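One-letter residues, chain by chain:
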Amino acid sequence: MYGKMKDDLQKELAGIREAGLFKEERFILTPQAADIKVEYPEGSPPQDVVNFCANNYLGLSSHPKVIAAAHDALKTHGYGMSSVRFICGTQDIHKELEDKISEFFHTEDTILYAACFDANGGVFEPLFGKDDAIITDALNHASIIDGIRLCKATRYIYQTNNMADLEARLKEAQGARYRVIATDGAFSMDGTIAQLDKIVALAEKYDALTMVDDAHCTGVIGKTGRGSTEHCGVMGQVDIITSTLGKALGGASGGFTTGRKEIIELLRQRSRPYLFSNTVSSIVVKASIAVIDMLTATTELRDKVAANTDRFRKGMTAAGFDIKPGVHPIVPIMLYNAKLSQDMARDLYAEGIYVIGFYYPVVGKGLARIRVQLSAGHEFKHIDKAIAAFTKIGKKYDILHKTKEQIIAKYGE
Ligand SMILES: *Cc1c(COP(=O)(O)O)cnc(C)c1O
């Protein structure tokens, strides 16, 4: 039987290659950090580069305190639990981390998952059924989209970040028993932060719940790193927040849902990725407790990534690059042309700057870009090196101080 499928798969893979969409993995030979050693392409000599494409926003992926807490966990709580939470997989530290997360976000309760992907996969189906409506931003993360697919509620999609369109969908959904608005806290290709103040106001006006996936904001955005709800002044007003331990908060793995008490309690009873998947490892749990303690004690790391972001955004703007404005450490350098984004990323890599160019279908047609992500792990010398390398390569391609139209006229969309 496999013979036929094998032929089909080989054709499909060849098609992906021909379209230039084949994803390759690059081997990093060091811990995750600002300075890394990368072997790329496979078999070539390792190269020292500055990493500008990790979600390591607070530089905690290899932080000594995080590593020490992980080591300590092995001694005090062992390695694995070989069980789901409700059979014999809950240790004191799982409850401790859940309580700390609730305290940090000023929410009522928290439930851990193996990943934020699972948190999103398990949040809609237990709470919403065929009589309900989910109103979802068109640019929401794949895991929100999949979570909604697993649930029988009617789906209404609104144009990304478009409050008039959201309001129109809310009006359409007025007949439903419950309505919930679902959005990313920040959209990962643009660094745009959702307008949660307006979303919460619309939710109130149209009697809807709100759900925010804050994976790219937790620990980073807001005056004290509490995320997009803090940034938008609506802390405590969002009903359901999902997020990850796999980005700013240490970057290993794990996710959670935090919010209203009854909602979290019902998720513990009915959420399938929680009921039918193994407990989060003690290593992740104790390291995450250490991270939450650090972020509660001081905003130093969050302030540092903000300062790095500000320096990079200002430097790149002065150098003449077309960057999407904002405050998020995700900084899209707009190039519009797919090939240009790949050529420039390759040249920057040769200069020791590791960045990735994105193009359709990962971003919209004609909206190719290089996405830079800043970290508290960067020092100003890293930022300045990146701006200098970008400037050199930008000159080579003659795109500095050019309008979108001029870049498109030269390279096409
Ligand atoms: C990264 C990301 C996820 C997935 O998080 P994991 O914990 O790695 O599964 C979910 N939602 C959004 C918005 C993300 O950016």
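For the structure itself, look to the data block above.
Residues numbered from 1 in each chain as written. Predicted model: local features only at pLDDT ≥ 70, side-chain atom pairs only at ≥ 80, totals over all residues. Heavy atoms only, no water.

> I would appreciate a short explanation of the pairing of strand 13 (residues 330-336) in the present structure.
Burial analysis of strand 13 places 7 of its 7 residues in the buried class, which makes it a mostly covered element. Where burial is concerned, the two faces of strand 13 agree: the one with Ile330, Pro332, Met334 and Tyr336 and the one with Val331, Ile333 and Leu335 are both buried. Summarising the sheet, strand 13 and strand 16 (residues 368-373) pair through 6 bridges and their orientation is antiparallel. Paired with proline 332 across the strands is arginine 371, a residue of strand 16. (Buried < 20%, exposed > 50% of the residue type's maximum accessible area, 1.4 Å probe, protein only. Helix = DSSP H or I, 4+ residues; strand = E, 2+ residues; numbered from the N terminus. Pairing = 2+ DSSP bridges.)

> Just to check I follow, could you spell out the state of the cysteines for this structure?
Covalently bonding the sulfur atom of one cysteine to the sulfur atom of another cysteine gives a disulfide. Taken as a whole and judged by the stated rule, the model has 0 disulfides. Unpaired in terms of disulfides, cysteine 53 finds its nearest cysteine sulfur in cysteine 217, a separation of 19 Å. Cysteine 116 forms no disulfide, and the closest cysteine sulfur to it belongs to cysteine 217, at a distance of 12 Å. Judged by its relative accessible area of 8%, cysteine 116 falls in the buried class. (Disulfide = S-S within 2.5 Å.)

> Looking at this structure, how should I read the sheet that holds strand 16?
Strand pairing in a sheet is mediated by backbone hydrogen bonds. Such pairs are either parallel or antiparallel. The strand order across the open sheet formed by 3 strands is 13-16-15, and the pairing between neighbours is antiparallel. A strand with exactly one partner marks an edge of an open sheet, and here the two such strands are strand 13 and strand 15 (356-358). Along the sheet, successive strands turn relative to each other by an average axial angle of 30°, direction set aside. The sheet contacts of helix 13 (residues 300-319) involve strand 13 and strand 16, and relative to strand 13 the element is tilted by about 20°. The strands touched by helix 14 (residues 338-350) are strand 13, strand 15 and strand 16; relative to strand 16, the strand with the most contacts, the crossing angle is about 35°. (Axes fitted to C-alpha atoms, helices over the stretch in contact; angles between N-to-C directions. Contact = heavy atoms within 4.5 Å.)

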